[in-house]
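Listed here are the chains, written in short residue letters.
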Amino acid sequence: MIKQTALAAALCAALAPAASAADAEGTMVTVLGRDWAVFPVADTPGRYSATRMNLEHLPFRPPAVLTARQAVQALRTATGCSVNMDTMVRSINSTYYAHVICRK
């Protein structure tokens, strides 16, 4: 069972898209002691992605708060806008995507 879990974690890490130099406009924020990378989605204006940086490589450690709530807080902190919860989705690699609503 542990070998299967390790293999699955290695496979997910290998298939995750690597960050490029074009993604330099992203923001790193900390929410409840967890680091998050927030980037605008290139092809959709007003849509952002939030990915938790698991630097300790502990895939099964429990989060301090549900990761969806952490992702909302990371998006708010990085953009200064509120998150449209109806558009929030989570991908298979635990990246959250959502549209933000900025008041002018």
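Please refer to the structure higher up on the page.
The sections below set out a description of the structure shown in this document. The shown structure was predicted, so the numbers you read here are calculated from the model rather than taken from an experiment.

### Considerations on the overall build of the chain
And step 1. Counting secondary structure elements, the chain contains two helices and six strands.
And step 2. Counted from the first residue to the last, the chain has its helices and strands arranged as α-β-β-β-α-β-β-β.
And step 3. The buried share of the chain, taken over its 104 residues, is 22%.
And step 4. By sequence separation, contacts in the chain at least 24 residues apart represent 42% of the contacts at least 6 residues apart.
And step 5. For the chain, the accessible area works out to roughly 7300 Å², and carbon and sulfur atoms hold 61% of it.

### Let's talk about the pairing of strand S2 (residues 34-40)
And step 1. Note: strand S1 (residues 27-31) against S2, five bridges, orientation antiparallel. Note that in S2 the partner of Thr-27 across the bridge is Val-38.
And step 2. In textbook terms, the turn of a hairpin is the stretch between consecutive antiparallel strands, and for S1 and S2 this stretch comprises two residues, one of which, Leu-32, has a positive phi near 50°.
And step 3. Examined bridge by bridge, S2 and strand S3 (residues 47-53) share six bridges and lie antiparallel to one another.

### Remarks on the side chain of Arg-47
And step 1. Structurally, the position occupied by Arg-47 is in strand S3.
And step 2. No salt bridge is formed by the buried Arg-47; its nearest oppositely charged neighbour, Asp-43, is found at 6.9 Å.

### Focus: the packing of aromatic side chains
And step 1. Under the defined criterion, the tally for this structure stands at one aromatic pair.
And step 2. Ring centres of Trp-36 and Tyr-96 lie 6.3 Å apart, and the angle between their planes is 50°; on these two criteria the pair is classed as tilted. In this pair, Trp-36 is assigned in strand S2 and Tyr-96 in strand S6 (residues 95-101), connecting sequence segments 60 residues apart.
And step 3. Taking the relative accessible area as the measure of exposure, Tyr-96 reaches 6% and is therefore buried.

### What to know about the nonpolar core
And step 1. Within the largest apolar cluster, 13 residues are counted, with the highest numbers of intra-cluster contacts made by Trp-36, Val-38, Ala-50, Ala-71, Ala-74, Leu-75 and Met-88.
And step 2. Put simply, the parts of the chain that give this core at least two residues each are S1, S2, helix H2 (67-79) and S6.
And step 3. With four residues, the top contributor of residues to this core is H2.

What counts, and where the lines are drawn
Residues numbered from 1 in each chain as written. Predicted model: local features only at pLDDT ≥ 70, side-chain atom pairs only at ≥ 80, totals over all residues. Heavy atoms only, no water. Helix = DSSP H or I, 4+ residues; strand = E, 2+ residues; numbered from the N terminus. Buried < 20%, exposed > 50% of the residue type's maximum accessible area, 1.4 Å probe, protein only. Contact = heavy atoms within 4.5 Å. Areas by Shrake-Rupley, 256 points an atom, 1.4 Å probe, with all protein chains shown as cover. Pairing = 2+ DSSP bridges. Lys, Arg positive; Asp, Glu negative; His and termini not counted. Salt bridge = Lys/Arg side-chain N within 4 Å of Asp/Glu carboxyl O. Phe/Tyr/Trp six-rings, centres within 6.5 Å; stacked < 30°, edge-to-face > 60°. Core = buried A, V, L, I, M, F, W, Y, C linked by side-chain atoms within 4.5 Å.

That's the geometry; what it means functionally is another story.
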